[in-house]
Amino acid sequence: MGLRQNEILKNIEGISERISAIRFYKKNISALKRFSCATWTSRQHVIVAIQAGNMTGFAESIISVNDPNISLEDWCKCGAELIELSVSEAIRENRRHQDQWQEQLIEMFEMALLDLGGKIKGVTAIQLLGLSEQNAKPVCGVHVILSDNVEEVAKSTKWALENDKASYIKVKLFGKTELDESIIKTVRSICPSERTVLIGDVNCGYRPEKEKRALEWIAQQLKVLKNAGLDACEDPGFLEIPEWVSLQKKLPDLALIPDYPMRHSRKSVSQICEGMGKIYNIHPDSAGSVIDAVVLAERIRQLGAELMIGDDSLVGPSASIWQQIASALGARWVEATEKREESDFYYRCVRSLATDSTRNPICIHWSSGFGIDLDLIKLQEEADEVKEVTK
């Protein structure tokens, strides 16, 4: 990992403009999301704007769920340590705090600094990451359905089909075989296998953490789901790495997708092995660093597997950033796309954007940095709270 990482860090050397201000814009989004492991009623998103000279870099992260009153003070204290550093120095200083600061904060700062550095140098952030937009591949966004109500699943599937969003559909599954089978069959009654790749994410529902369930029993449940029409299954249970390999061998016609074992990128790169699944997930807000994620993607390819980019219910700048990374990495699909209604406040602030996720494959017009330009006055009006860190 060290050699590839150092090559990327060399690309960002010499960006001498100094950080003059960091602004945090918190937005509370009320939306019900059901998972096998939890229920979200609201999410607290933060959009960061990092300024150096007359340029600004943007990114986004989720600071909390179900906690609208969460304070920004801790993140402001971290941001203060980057003020007056050059962009290059700030990227290295931010990475120095891995295992100290929150992973999603470090990831957000890094993306915003790469956006800023690319704008200053007049190159894409993709180039700073050692990738090439010339070698990028078209990538489709995934339509995600987070519901245990089959009527809602049917309605959402029909919308996807009518709006050319049905190439890839992901459903949340709940570790309850009968319910999960009904969700899969509902999607398949509208979108047959030749039309749609159907992915299920169980969030370890068939073997929750600290529970003991035999691997053979898990395999039997997944065979039922495969027969119902499932193409790929993410995190069927909390599994040890050798169990991942064994389970994939038991299910040759179903693509397993490890997610939890992939977090965080700098750690998982030395832990994952061949055969854990057919597709490996790099998960936004849990990767911990897009630099490390690029290194991890290279390792996944070495293992002979495909990769995908997940989502953390992103609604703003980081969705666009991960779409560009997904394309540059040749990912099979990307789940991080802007959300109906939930992204409306953000779109009202957009001056220009490099990506258009309303189309499939996602349309990308490569621009300096990550090509994100937001109206800060409008963003301040839309935000529920704003904090600024300066000298």
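The structure this text deals with has already been given above.
Just so we're clear, the structure is a prediction, and the values are computed from it rather than from any experiment.

Thresholds, definitions, all that
Per chain, residues are indexed from 1 in the order of the written sequence. Note on the predicted model: pLDDT of at least 70 is required for a residue's local features to be given, and 80 or more for side-chain atom pairs to be given and counted; whole-chain, interface and lining totals, by contrast, use all residues. Side-chain descriptors were evaluated using all non-hydrogen atoms of the structure, hydrogens and water having been removed beforehand. Each helix is a run of H or I in the DSSP string that is no shorter than four residues. Each strand is a run of E no shorter than two, and both are numbered from the N terminus. Between the two quantities, the radius of gyration covers C-alpha atoms and the globule rule is 2.2 Å times the number of residues to the power 0.38. Relative accessibility thresholds used throughout: buried, under 20% of the residue-type maximum; exposed, over 50%; partly exposed, between the two (1.4 Å probe, protein chains only). The contact rule is simple, with two residues in contact once any of their heavy atoms fall within 4.5 Å. The protein chains shown are the only cover counted for residues, whose accessible areas, like all others here, come from Shrake-Rupley with a 1.4 Å probe. Counting rule applied: Lys, Arg positive; Asp, Glu negative; His and chain ends not counted. Here the site of a charge means atom NZ of a Lys, CZ of an Arg, CG of an Asp or CD of a Glu. Every angle, taken between N-to-C directions, lies between 0 and 180 degrees, and every axis is a line fitted to C-alpha atoms, over only the stretch in contact when it is a helix. Small angles under 35 degrees read as roughly parallel and large ones over 145 as roughly antiparallel, with 65 to 115 read as roughly perpendicular and the rest as oblique. Crossing chirality is assigned from the near helix's rotation relative to the far helix, an anticlockwise turn below a right angle marking it left-handed and a clockwise turn marking it right-handed. The classification used treats Ala, Val, Leu, Ile, Met, Phe, Trp, Tyr, Cys and Pro as nonpolar, Asp, Glu, Lys and Arg as charged, and all other residues, Gly among them, as polar. By the convention used here, strands pair only if DSSP detects at least 2 bridges between them. Using only the protein atoms, space was sampled on a 1 Å grid; points where a 1.4 Å probe fits but cannot get out form cavities, open sets with protein on both sides within 12 Å along at least five of seven lines form pockets, and lining residues are those with an atom within 4 Å of a point. Grid points are joined across faces, edges and corners, and a volume is the space filled by probe spheres set on the points.

> Before we go on, may I ask you to explain the overall build of the protein chain in this structure?
Per the secondary structure count, the protein chain includes 14 helices and 15 strands. Over its C-alpha atoms the protein chain spans a radius of gyration of 20 Å, differing by no more than 12% from the 21 Å that the globule rule assigns to 391 residues. The burial tally for the protein chain puts 60% of its 391 residues in the buried class. A separation threshold of at least 6 residues defines the contact pool for the protein chain, and within that pool the share at least 24 residues apart is 72%. When the accessible surface of the protein chain is split by element, carbon and sulfur atoms take 45% of a total near 15600 Å². Averaging the locations of the 48 positively and 57 negatively charged side chains of the protein chain gives two centres separated by 2 Å.

> What exactly am I supposed to notice about the packing of helix α8 (residues 215-228) against helix α9 (residues 241-250) here?
Packed helix pairs are specified by the crossing angle of their axes together with the interaxial distance, meaning the distance between the axes. Here α8 crosses α9 at 45 degrees, and the two axes come no closer than 10 Å. Classified by the angle between their axes, α8 and α9 sit oblique to one another. The element α8 and its partner α9 pack so that their crossing is right-handed. Touching Leu215, Glu216, Ile218, Ala219, Leu222 and Lys223 of α8 are Glu243, Ser246, Leu247 and Lys250, all from α9. A class-by-class count of the residues in the contact of α8 with α9 yields 5 nonpolar, 1 polar and 4 charged.

> What is the right way to look at the packing of helix α6 (residues 150-162) against helix α7 (residues 177-188) in this model?
Their axes nearest at 9 Å, the elements α6 and α7 cross at an angle of 30 degrees. Overall, the two elements α6 and α7 adopt an arrangement that is roughly parallel. Read as a crossing pair, α6 and α7 show a hand that is right-handed. Contact with α6, carried on its side by Val150, Val153, Ala154 and Thr157, involves Ser182, Ile183, Thr186 and Val187 of α7 and no other residues of that element. Per-class residue counts for the contact of α6 with α7 are 5 nonpolar, 3 polar and no charged.

> Can you walk me through the sheet that holds strand β6 (residues 197-201) in this structure?
The pairing of strands in a sheet happens through backbone hydrogen bonds and is either parallel or antiparallel. The 5 strands lie next to each other as β4-β5-β6-β7-β8, forming an open sheet whose pairing is parallel. What marks the edges here is a single partner per strand, and that holds for β4 (143-145) and β8 (255-257). In this sheet, neighbouring strand axes are inclined to one another by 20 degrees on average, regardless of whether the strands run parallel or antiparallel. Here β4 pairs with strand β5 (residues 168-172) via 3 bridges, running parallel. What sits directly across from Ile145, in β5, is Val171. Its contacts with the sheet put α7 on β5 and β6, and the angle it makes with β5 is roughly 155 degrees.

> Hey, could you run me through the sheet that holds strand β15 (residues 385-389) in this one?
The antiparallel open sheet is built from 4 strands, whose spatial order is β3-β2-β1-β15. In the strand order of this sheet, the two ends are held by β3 (55-65) and β15, each with one partner. Between one strand axis and the next, the sheet turns through 20 degrees on average, direction left out of account. Relative to strand β2 (residues 39-52), strand β1 (residues 19-34) is paired through 13 bridges, and the arrangement is antiparallel. The residue bridging Arg23 from the neighbouring strand is Ala49, located in β2. This element, helix α12 (residues 317-329), spans β2 and β3 of the sheet and lies at about 105 degrees to β3.

> Is there a simple way to explain the layout of surface pockets in this structure?
Remark: the empty space left among the atoms is shown by a probe the size of a water molecule rolled over them. Volume-wise, the largest pocket comes out at about 1500 Å³. In terms of lining residues, the largest pocket is bounded by 49 residues, among which Lys33, Val144, Leu146, Lys339 and Glu342 are the most central. Sorting the residues of the lining of the largest pocket by element identifies β1, β3, β4, α6, β5 and α13 (344-347) as the ones contributing at least two each. Residues belonging to the lining of the largest pocket are distributed by class as follows: 17 nonpolar, 13 polar and 19 charged. Considering only enclosed or pocket space, the second largest pocket measures out at about 160 Å³ in volume. As for the second largest pocket, its lining consists of Cys204, Arg207, Asp235, Gly237, Phe238, Leu239, Glu240, Ile241, Glu243, Trp244, Tyr260 and Pro261. In the lining of the second largest pocket, the residues fall into 7 nonpolar, 1 polar and 4 charged.

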